[in-house]
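Structural features, examined
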Amino acid sequence: MSRIERLAALLDEPLLVTSVVNVRYLTGLQSSNAAVLVAPEGEATLYTDFRYAEKARAIDAVRFEQTARAVVGDLATRLAGRTIGIEGHVLTVAAQAQLQQGGVETVARTGLVERLRAIKEPAELESIRAAAAISDQVFGALAEERFTGRTERELAWRIRELFHEHGSSESAFDSIVAAAENGASPHADVRDAEIPANTLVTVDAGCRVDGYASDCTRTFATGDLPDELARAYAVCLEAELAGLAAYAPGISGRDADAAAREVIAAAGWGEMFGHGLGHGIGLDVHELPSVRPESTDTLEAGNVASCEPGIYLPGVGGVRIEDMVLVTDEGSERLTSASKELTTVR
């Protein structure tokens with residue numbers, strides 16, 4: 001079955017898909033302004049404006065209708081008198097009101113396309129593997145770079161260059177380079193501060209291949225570490241390995257999270273690991289499934305998710321170690337293979 005047919009089988013009424021990522025997933029159209037209406041019978045109509053019309057007309061699996069630049073406003077007239085589902089987690093309140101004022105009855109639906117996207121197809125996995133392989137090459141090259149004396153911002157720019165040199169023309173997100181006390185913030189802002197010796201530096205970076213993201217984190221030492229940071233690294237690595245071992249089909253996201261979280265809590269740092277263990281990775285860097293204490297997801301074969309425990313010590317530093325994991329019928333496969341042994345850089 002095609003992606004559109006699989007979505008149609010889940011529907012009680014036509015669904016208007018307005019997330020541009022979901023539109024791309026369903027139709028292949030990459031744009032900043034499009035929608036697709038999928039009927040329960042399997043018919044699909046793609047709507048976009050003049051800028052993307054030629055690309056849209058070339059897509060065989062859907063019927064195309066050109067709209068005004070304001071797609072939703074145009075559809076409020078075209079779909080008047082009909083009852084349709086909308087992506088309630090995507091469409092703004094103002095856009096919903098626009099449809100309703102035009103005479104469209106809306107029913108909010110949540111996560112229908114995202115649940116399909118969570119199970120990766122072979123072609124998607126090929127792109128994700130390629131992105132992960134580039135990440136491995138970049139982290140290997142990064143270990144040969146000078147850290148000390150460079151600013152976090154300079155090193156972040158060098159990471160962007162390395163991704164380009166190793167075959168990716170697009171970053172998945174702005175790289176995080178967080179040295180010393182800045183590493184105590186999980187999503188630290190890159191600073192113009194020089195990276196000092198004898199501390200930890202967390203590097204979180206990724207790229208895209210065919211739109212699919214990689215996401216990997218390694219933490220480097222810039223010399224001899226204080227005992228507290230050395231111990232934090234060892235505990236974090238133990239937790240990550242425990243988390244990786246837990247990823248398997250049928251395991252709940254919360255149970256996989258607990259496998260890693262219990263290691264850090266036993267070391268006395270439970271409160272210093274304040275985020276979830278992982279998240280799905282695909283066309284979005286963060287998507288289903290979620291792997292965290294409050295998760296209601298269950299891991300399935302075909303899921304690609306991160307495993308990334310961290311320990312964050314305010315005023316001192318932090319460590320995070322992250323791999324990408326494919327859930328398989330038999331268990332799991334780690335997609336990123338850059339070394340996780342504590343690496344000392346210059």
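Not measured: the values here are computed from a predicted model. (Residues numbered from 1 in each chain as written. Predicted model: local features only at pLDDT ≥ 70, side-chain atom pairs only at ≥ 80, totals over all residues. Heavy atoms only, no water.)

Another aspect to go through is the overall build of the chain. Along its length, the chain carries ten helices and 18 strands. The principal-axis extents of the C-alpha atoms in the chain amount to approximately 70 × 40 × 35 Å. Restricting the contact set of the chain to residue pairs at least 6 apart, pairs at least 24 apart contribute 63%. With an accessible surface of roughly 14700 Å², the chain has 49% of that area assigned to carbon and sulfur atoms. (Helix = DSSP H or I, 4+ residues; strand = E, 2+ residues; numbered from the N terminus. Contact = heavy atoms within 4.5 Å. Areas by Shrake-Rupley, 256 points an atom, 1.4 Å probe, with all protein chains shown as cover.)

Now for the packing of aromatic side chains. One pass over the structure, following the stated rule, counts one aromatic pair. When the ring centre of Y25 is taken as reference, the NZ or CZ atom of R3 above it lies at 4.2 Å. (Phe/Tyr/Trp six-rings, centres within 6.5 Å; stacked < 30°, edge-to-face > 60°. Lys NZ or Arg CZ within 6 Å of the ring centre and 35° of its normal.)

Bringing the packing of helix α9 (residues 227–246) against helix α10 (residues 253–266) into the picture now. Relative to each other, α9 and α10 sit at 160°, their axes nearing to 8 Å. Here α9 lies roughly antiparallel to α10, going by the angle between them. Along this stretch, α9 crosses α10, giving a crossing that reads as right-handed. Every residue of α10 that contacts α9 at V235, E238, A239, A242, G243 and A246 is listed here: A256, A259, A260, V263 and I264. (Axes fitted to C-alpha atoms, helices over the stretch in contact; angles between N-to-C directions. Parallel < 35°, antiparallel > 145°, perpendicular 65-115°, else oblique. Left-handed = near helix turned anticlockwise from the far one by under 90°.)

Moving on, we get to the sheet that holds strand β8 (residues 200–205). One open sheet accounts for three strands, arranged β7-β8-β11; its pairing is antiparallel. The open sheet has two edge strands with one neighbour each: β7 (176–179) and β11 (216–221). For this sheet the average axis-to-axis angle between neighbouring strands, irrespective of direction, equals 15°. Pairing of β7 with β8, which is carried by four bridges, proceeds in the antiparallel orientation. Bridged to A178 within β8 is T202. Against the sheet, helix α8 (residues 152–165) contacts β7 and β8, and its axis sits at roughly 145° relative to β7. (Pairing = 2+ DSSP bridges.)

Once that is clear, we can look at helix α5 (residues 93–101). Residues of α5 that are buried include every one of A95, Q96 and L99, and no others. Taken down its axis, α5 places every buried residue within 100° of arc, on the same side. Exposed residues on α5 whose side chains face more than 90 degrees from its buried face are V93, A94 and Q101. Buried residues along α5 sit against β1 (15–17), α4 (71–78), β5 (83–87) and β6 (105–109). G103 occupies a position one or two residues after α5 and carries a positive phi of about 100°. (Buried < 20%, exposed > 50% of the residue type's maximum accessible area, 1.4 Å probe, protein only. Arc of directions from axis to C-beta.)

All chains considered together, the criterion is met by 31 salt bridges. Here E121 ties to R6 by a salt bridge, and the two come within 2.6 Å at their closest N and O atoms. Placement of E121 in the loop between α6 (112–117) and α7 (122–142) and of R6 in helix α1 (residues 3–8) is noted, with a sequence separation of 115 residues between them. With relative accessibility at 22%, the residue R6 sits in the partly exposed group. Salt bridges sharing partners connect three or more residues here, namely E145, R150, R158, E161 and E165. (Salt bridge = Lys/Arg side-chain N within 4 Å of Asp/Glu carboxyl O.)

In this structure, the amide linkage connecting L288 to the following residue, P289, adopts the cis form with an omega of 5°. Among the secondary structure elements, P289 is positioned in strand β13 (residues 287–291). In this model, A180 sits at a positive phi of 50°, which is unusual for a non-glycine residue. With respect to the secondary-structure elements, A180 resides in the loop between β7 and β8.

Take α10 next. Between its first and last C-alpha, α10 extends 20 Å over 14 residues, near the 20 Å set by a 1.5 Å rise per residue. The sharpest bend along α10 comes to roughly 30°, located at A259. Within α10, burial applies to G253, A256, D257, A260, R261, V263 and I264. In this structure, the buried side of α10 is in contact with α9, β13 and β15 (310–313). Just past α10, the residue G268 takes up positive phi, approximately 95°. (Expected span 1.5 Å × (residues − 1). Bend = angle between axes of the 7 residues up to and from the residue.)

Let's shift gears to the nonpolar core. Residues L7, V17, L26, V36, V38, L46 and V304 are the most contacted members of the largest nonpolar core, which totals 37 residues. Once residues within four sequence positions are removed from consideration, L46 is found in contact with V23, T27, L29, A35, V36, A56, I59, V62, R63, F64 and E65. If you look at the next biggest cluster of nonpolar residues, it comprises 31 residues, including L237, A239, L244 and L277. (Core = buried A, V, L, I, M, F, W, Y, C linked by side-chain atoms within 4.5 Å.)

A few words on the packing of α4 against α5. Taken N-terminus to C-terminus, the directions of α4 and α5 make an angle of 25°; their axes are 8 Å apart at the nearest point. Comparing the axis directions of α4 and α5 gives the class roughly parallel. Relative to α5, α4 is oriented so that their crossing is right-handed. Contacts between α4 and α5 involve V72, G73, L75 and A76 on the former and, on the latter, A95, Q98 and L99.

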